[in-house]
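Results of the structural survey
These are the residues of each chain, in order.
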Amino acid sequence: MLVCWGVKGRIPTRPGAVLMNIIIVGAGEIGRHLATELSQGHALLESEGEKSGKKHKITVIDSDPRLVAEIQRAIDAKVICADGSTVGALGRADVANCNLFLALTSENSVNLVSSSIAKAMGVKLVMCRVHPELQRDIPIFNLGVHFDIDHLFSSERLTANELAKFIRNPDSLWVEELGGGEIEVQQVRVGPKSDGMGKSLRDLKPPARTRVAAITRNGESFVPDADAVLEEGDEVTICGNESTRLRDLAEILQKGGKRAETVRVVIFGGGEYGFALAQMLQSWEHCRIRIFEKDEVLCQDLTERLGKTTVINADATELSALEEEQVGEVDFFVAASGSDEDNVMACLQANNLGAKKCLTIIHRAAYARAIGASGRQFGVVAAVSPREATRRYIERHLTGEKYYVVRKMMAGQVIGTDVGKKAKVAGMKVDEINWPTGSLLVGVLRGGEAIVPSSEDVIESGDHIYAMASQKALKKLLKLLH
């Protein structure tokens, strides 16, 4: 499962009247939404902006006069009508003093070229949106490394990833993805029939490339060592490299190692969102997937590319098609077409037929929030907005610290940071490092590959580290890594 690759450093802040100087290339659906949120101060550095009254300086570049006029009327920002992949346009945007560069058009070539130029001109953090097809090619040829771009991401795959969490981990309390989706972190509750109850983590012997990162018990949380003993009702944070291995560990903790039953999923829409979701799910052996797509040519393409998914040439907005394919018996119905209205109506019909849970993509963020808040009344357990999924992903990295927070928890926080050139740990094996009490190494990202490290893996300068750290251990951990 791939979502993003390559993380380098933090965003440096500079003294002055603004928090950050941000350039956005692309005023379409994603770019305009993010520019609006940032200009309104919805993404400030740890409340620093609220205290000081500072705001981000936003510059938007787009070659479409209509989009430029619309965004000029909508937000307080500098807007330039030009090709964002030209040096002249970037010069007018003051790229030399830019803290964060975001290439968010729907054109791969514009995004890649503009990002490469921005990086060459000294921008510390460059994030580039690409078509999902390019992202799927990263294991073969990493364009992020080739163009020296810090982040390559696909909005479609970020969205599909959000949907997949609900399906692959229905019993988990929450789920996060790290390292481009190669590492998964989730929280589960130790059940009364758990094989792990009463055992120490040393005796539990979890599957390879998985580990327990935190335990919450009776309202108190801690980062455990190998001698920590599991008890019934513990809320346990676990992480792992492969979803099947992590699922095995989750089942040991929750149900005493009982294998999961087959999960039946129907996806409405075979476009990039539906395809990305099916591709993620079909790698999970417990999932049986069907896609409804009314375009016959696209159906043929999906059949060739998705060997383990059944593709049905039918319109899921038609009740008769849903009835014929017995949609009322499925565990999850996912509406992933390009139409918000069709998605909502298809979910309503699937719910009326008896589908256990409905998920939907809603492109307009405000509508997605409204449906997310009240959708359970008509069977929609989650509504995911591509705009919001992209915003949350980007805003994770808006920080003035040497690290960013992936998720805050009672036991501490999961952070991401780089191993410095002069770090004490560089060149050392994981088990040779004296990790601070209250910290745990969760993952390592290097050259496009993300792993949950074993004791024999070596930490290198330039590695991107994911770690669990209590508040007390955080400073010691950062000192060790930098």
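1. Remarks on helix α16 (residues 386-395)
Of all 10 residues making up α16, 8 are buried, and the element is well covered by its neighbours. Of all the positions in α16, only P386, E388, A389, T390, R391, Y393, I394 and E395 are classed as buried.

2. A word on unusual backbone geometry
Outside of glycine, negative phi angles account for most residues, and trans bonds account for most peptide bonds. Even without being a glycine, D94 presents a positive backbone phi close to 60°. With respect to the element layout, D94 can be found in the loop between α4 (87-92) and β5 (100-103).

3. Describing the nonpolar core
Ranked by internal contacts, the top residues of the largest apolar core, which has 30 residues, are I167, V265, I267, L277, L281, V334 and L359. The set of elements that each furnish at least two residues to this core consists of α8 (155-168), β13 (263-268), α11 (272-281), β14 (287-293), α12 (296-305), β16 (332-335), β17 (357-361) and β18 (380-384). Ignoring any residue separated from it by four or fewer positions in sequence, one finds V334 in contact with L163, I167, V265, V266, I267, F268, L277 and L359. Residues V60, L67, I75 and L100 belong to the second largest nonpolar core, which totals 27 residues.

4. Re the sheet that holds strand β21 (residues 439-446)
Within a sheet, each strand pairs with its neighbour through backbone hydrogen bonds, oriented either parallel or antiparallel. Strand order in the open sheet made by the 5 strands is β19-β20-β23-β21-β22, with antiparallel pairing throughout. Because the sheet does not close on itself, it has two edges, and the strands there are β19 (403-409) and β22 (449-451). Between one strand and the next, the sheet's axes are offset by a mean angle of 20°, whatever the strand orientation. Of the strand pairs in this sheet, strand β20 (residues 412-418) and strand β23 (residues 464-469) are connected by 6 bridges, and their pairing is antiparallel. Note that in β23 the partner of G416 across the bridge is Y466. Lying over the sheet, helix α17 (residues 471-481) contacts β19, β20, β21 and β23, oriented at roughly 10° with respect to β20.

5. As for the confidence of the model for the chain
Per-chain confidence: the chain averages 86 in pLDDT, with 90% of residues scoring 70 or above. Across the chain, the element-wise mean pLDDT spans from 38 in strand β1 (residues 4-5) up to 97 in β16. Confidence over residues 1-17 falls short of pLDDT 50; this stretch has 82 contacts with residues more than four positions distant or in other chains. Note on residues 44-51: pLDDT under 50 across the span, and 17 contacts to partners over four residues away in sequence or across chains.

6. Thoughts on the side chain of D315
Among the secondary structure elements, D315 is positioned in the loop between β15 (309-313) and α13 (319-324). Here D315 is buried and forms no salt bridge, its nearest opposite-charge partner K294 lying at an N-O distance of 4.4 Å. Within polar-contact distance, the side chain of D315 engages the side chain of T317 at 2.7 Å. Not counting chain neighbours up to four residues away, the residues in contact with D315 comprise F268, K294 and A321.

7. Details of the pairing of β21
Side-chain direction in a regular strand flips from residue to residue, so the side chains alternate between the two faces of the sheet. Among the 8 residues that make up β21, 7 are buried, leaving the element largely enclosed by the rest of the structure. Bridge count for β21 against β23 is 6 bridges, and the pairing is antiparallel. What sits directly across from L441, in β23, is A467.

8. Re the packing of helix α1 (residues 29-39) against α16
Orientation of α1 relative to α16, taken along the N-to-C sense of each, is 55°, at an axis distance of 9 Å. Taken together, the axes of α1 and α16 are oblique relative to one another. Handedness of the α1/α16 crossing: right-handed. Where α1 approaches α16, its residues E29, I30, H33, L34, E37 and L38 are matched on the opposing element by P386, R387, E388, T390, R391, I394 and E395. Class assignment of the residues belonging to the contact of α1 with α16 gives a composition of 5 nonpolar, 2 polar and 6 charged.

Conventions and cut-offs
Residues numbered from 1 in each chain as written. Predicted model: local features only at pLDDT ≥ 70, side-chain atom pairs only at ≥ 80, totals over all residues. Heavy atoms only, no water. Buried < 20%, exposed > 50% of the residue type's maximum accessible area, 1.4 Å probe, protein only. Helix = DSSP H or I, 4+ residues; strand = E, 2+ residues; numbered from the N terminus. Core = buried A, V, L, I, M, F, W, Y, C linked by side-chain atoms within 4.5 Å. Contact = heavy atoms within 4.5 Å. Pairing = 2+ DSSP bridges. Axes fitted to C-alpha atoms, helices over the stretch in contact; angles between N-to-C directions. pLDDT = per-residue confidence, 0-100. Lys, Arg positive; Asp, Glu negative; His and termini not counted. Salt bridge = Lys/Arg side-chain N within 4 Å of Asp/Glu carboxyl O. Polar contact = N/O pair within 3.5 Å; in protein donor to acceptor, adjacent residues only side chain to side chain. Parallel < 35°, antiparallel > 145°, perpendicular 65-115°, else oblique. Left-handed = near helix turned anticlockwise from the far one by under 90°. Nonpolar A, V, L, I, M, F, W, Y, C, P; charged D, E, K, R; others polar.

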